[in-house]
Amino acid sequence: MSEFDHEHNDDGRGVSRRRVLECMTWAGTGVLWTISGGVPRSLGLVGSARAAEPAGLTFLQISDSHVGFDKPANPNALGTLEEAIGKINAMPVKPSFMIHTGDITHLSKVAEFDNAERIISQAKLDVHYVPGEHDFIDEEVKLYRERYGRGTRGAGWYSFDANGVHFIGLVNVVDLKAGGLGNLGTEQLEWLEDDLKGRSKSTPIVVFAHIPLWTVYPAWGWGTEDGARALDYLKGFGSVTVLNGHIHQVMQKVEGNVTFHTARSTAFPQPAPGTAPSPGPMKVADDKLRGLLGVASINFKPGDQRLAIIDTPLQG
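Residues numbered from 1 in each chain as written. Predicted model: local features only at pLDDT ≥ 70, side-chain atom pairs only at ≥ 80, totals over all residues. Heavy atoms only, no water.

Section: the sheet that holds strand β7 (residues 165–169)
Worth spelling out the cut-off: Note: two strands are recorded as paired if DSSP finds a minimum of 2 bridges between them. Helix and strand definitions here come from DSSP, where helices need a minimum of 4 consecutive H or I residues and strands a minimum of 2 consecutive E residues; each element is numbered from the N-terminal end. With axes taken as lines fitted to C-alpha atoms, and helix axes fitted only over the stretch in contact, angles between N-to-C directions fall between 0 and 180 degrees. Should any heavy atoms of two residues lie within 4.5 Å, those residues are counted as being in contact.
Ordered in space as β6-β7-β8-β9-β11-β10, the six strands form an open sheet in which the pairing is mixed. Of all the strands in the sheet, the pair left with one neighbour each is β6 (158–162) and β10 (251–255). If you compare each strand with its neighbour and ignore which way they point, the axes differ by 15 degrees on average. Relative to strand β11 (residues 258–262), strand β9 (residues 240–244) is paired through five bridges, and the arrangement is parallel. What sits directly across from Thr-241, in β11, is Thr-259. Contacting β6, β7 and β8 (205–208), helix α6 (residues 186–196) runs over the sheet at an angle of about 170 degrees to β7.

In structure tokens:
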């Protein structure tokens, strides 16, 4: 991942791979997840789940499109993004909107942003973005903000409401160091605390950011150093879902009232925590690649306080 490749670090700060696997639920390919009372359970495969049209709010998450990436792990990241948008256009029920959890581009170039917009706009959906570290590489760090920063605060954080759900887009990739954890910063955390004040604790909350707010694997920088402060502000709410990208694979974890879910990339897979010397683009057999890329569809039905998440691979 160019100059932002994370280096492996065995300085003792990390947790064992066994512990990582103990504290998370690995979602199977193409499985529909329902989150009820903070506990995820599988409802079946995507094919059978699609037979019933969802009621209530449905929105999509895509992530890590890395437009401009052309290395052996996927020589045509733009093409697989287009395939993902094709999957979205083929859905029997049109989602309300889409969120993109960062790394829209690979090197923050004008042409990469242009190409991403050309493809993503084919879905004909409103798209809510947060940046990844690869979207902040340009010299003046302005290309992302010029396109997507209107109406946001600071480096690009904001919130909005839809169908009784409060959505919060956070930015945790500013001044990200190679191999370092993400960070939110005092200004953004104070804004978050203020944004949540006065809201009913029964309001469902969806937070989305690029790097996971929970600590997935600190030796690879897969976590947010001040994420716990943000989560403290969310403790009193009954239904909280945190959506992230960055690690290019599906993982889920539940802590109290908060369910964490990370999404696949549309560009290339990365290794599971601790299974390789370092993170980064993972080359797999050509006929396996599309089974490791994909999108997520999330459904919220007012009144029953549950989210259903369908992870759909491009193939398989």
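Focus: the pairing of β10
With five bridges connecting them, β10 and β11 associate as antiparallel partners. Bridge assignment links Val-254 to a residue of β11, and that residue is Thr-259. Connecting the antiparallel pair β10 and β11 is a turn made up of two residues, with Gly-256 showing a positive phi of about 60 degrees.

Things to note about the environment of Lys-87
Short version of the rule: Residue exposure (1.4 Å probe, protein chains only): buried if accessible area is under 20% of the type maximum, exposed if over 50%, otherwise partly exposed.
Relative to the helices and strands, Lys-87 is located in helix α3 (residues 77–89). Residue classification places Lys-87 among the partly exposed residues on the basis of a relative accessible area of 31%. Distance in space between the C-alpha atoms of Lys-87 and Pro-313 is 9.2 Å, their sequence separation being 226 residues.

Some thoughts on the packing of α3 against helix α4 (residues 110–120)
To keep it simple, the criterion reads: These descriptions rest on fixed angle ranges, namely under 35 degrees for roughly parallel, over 145 for roughly antiparallel, 65 to 115 for roughly perpendicular, and the rest for oblique. For a crossing to be left-handed, the near helix must be turned anticlockwise from the far one by less than a right angle; the clockwise case is right-handed. Side-chain classes follow a simple rule in which Ala, Val, Leu, Ile, Met, Phe, Trp, Tyr, Cys and Pro form the nonpolar group, Asp, Glu, Lys and Arg form the charged group, and the remainder, Gly included, forms the polar group.
Close contact between α3 and α4 brings their axes to 9 Å; oriented N to C, the two are set at 25 degrees. Regarding the angle of α3 to α4, the classification is roughly parallel. The interaxial crossing formed by α3 with α4 has right-handed handedness. In this structure, α3 contributes Leu-78, Leu-81, Glu-82 and Ile-85 to the contact, and α4 contributes Asn-115, Ala-116, Arg-118, Ile-119 and Ile-120. Split by residue class, the contact of α3 with α4 holds six nonpolar, one polar and two charged.

A few points about the packing of aromatic side chains
Selection rule: The rule is short: rings of Phe, Tyr and Trp, with Trp giving its six-membered ring, pair when the centres are within 6.5 Å, and they are stacked under 30 degrees, edge-to-face over 60, tilted in between.
As enumerated under the stated definition, the model contains 15 aromatic pairs in all. Between the aromatic rings of Tyr-158 and Phe-208, the centroid separation amounts to 6.1 Å while the plane-to-plane angle is 80 degrees, which identifies the pairing as edge-to-face. One end of the pair, Tyr-158, is in strand β6; the other, Phe-208, is in strand β8, with 50 residues separating them in the sequence. Neither residue differs from the other here; Tyr-158 and Phe-208 are each classed as buried. Seen in terms of ring centroids, Phe-160 and Phe-167 are 4.9 Å apart; in terms of plane orientation they differ by 5 degrees. Their pairing is stacked. Each member of the pair, Phe-160 together with Phe-167, is buried.

Some thoughts on the pattern of salt bridges
Defined as follows: In the sections that follow, a salt bridge refers to a side-chain nitrogen of Lys or Arg positioned within 4 Å of a carboxyl oxygen of Asp or Glu.
Following the criterion strictly, the structure yields 10 salt bridges and no others. When the shortest N-O distance is used, the salt bridge between Asp-161 and Arg-199 registers 3.9 Å. Here Asp-161, found in strand β6, pairs with Arg-199, found in the loop between α6 and β8; they are 38 residues apart in sequence, far enough to count as distant. Between Asp-286 and Lys-283 there is a salt bridge, with the nearest N and O atoms lying 2.9 Å from each other. Residue class for Asp-286 comes out exposed when judged on its relative accessible area of 61%. One connected set of salt bridges, linked through shared partners, spans Glu-140, Lys-142 and Glu-146.

Looking at unusual backbone geometry
The backbone of Asp-103 sits at a positive phi, close to 55 degrees, despite the residue not being glycine. Residue position: Asp-103 is located in the loop between β4 (97–100) and α4. Relative accessible area serves as the criterion here: at 0%, Asp-103 is assigned to the buried category.

Quick look at the pairing of β8
For the record, the criterion: Look down the strands so they point away from you; if the path from the first strand over the helix to the second goes clockwise, the crossover is right-handed.
The alternating pattern of β8 places Ile-205 and Val-207 and Val-206 and Phe-208 on opposite faces, both of which are buried. Pairing between β7 and β8: four bridges, direction parallel. Bridge pairing links Ile-168 to Val-207 in β8. Bridge count between β8 and β9: four bridges; the pairing is parallel. Bridge assignment links Phe-208 to a residue of β9, and that residue is Leu-243. After leaving β8, the chain enters helix α7 (residues 227–233) and then returns to the sheet as β9, a path that is right-handed.

Here's the deal with α3
How we decide: Multiplying 1.5 Å by the residue count of a helix minus one yields the expected span of that helix.
The terminal C-alpha atoms of α3 lie 19 Å apart, and with 13 residues this matches the ideal 18 Å at 1.5 Å per residue to within 8%. Looking at α3, one finds that the buried residues are Ala-77, Gly-79, Thr-80, Leu-81, Ala-84, Ile-85 and Ile-88.

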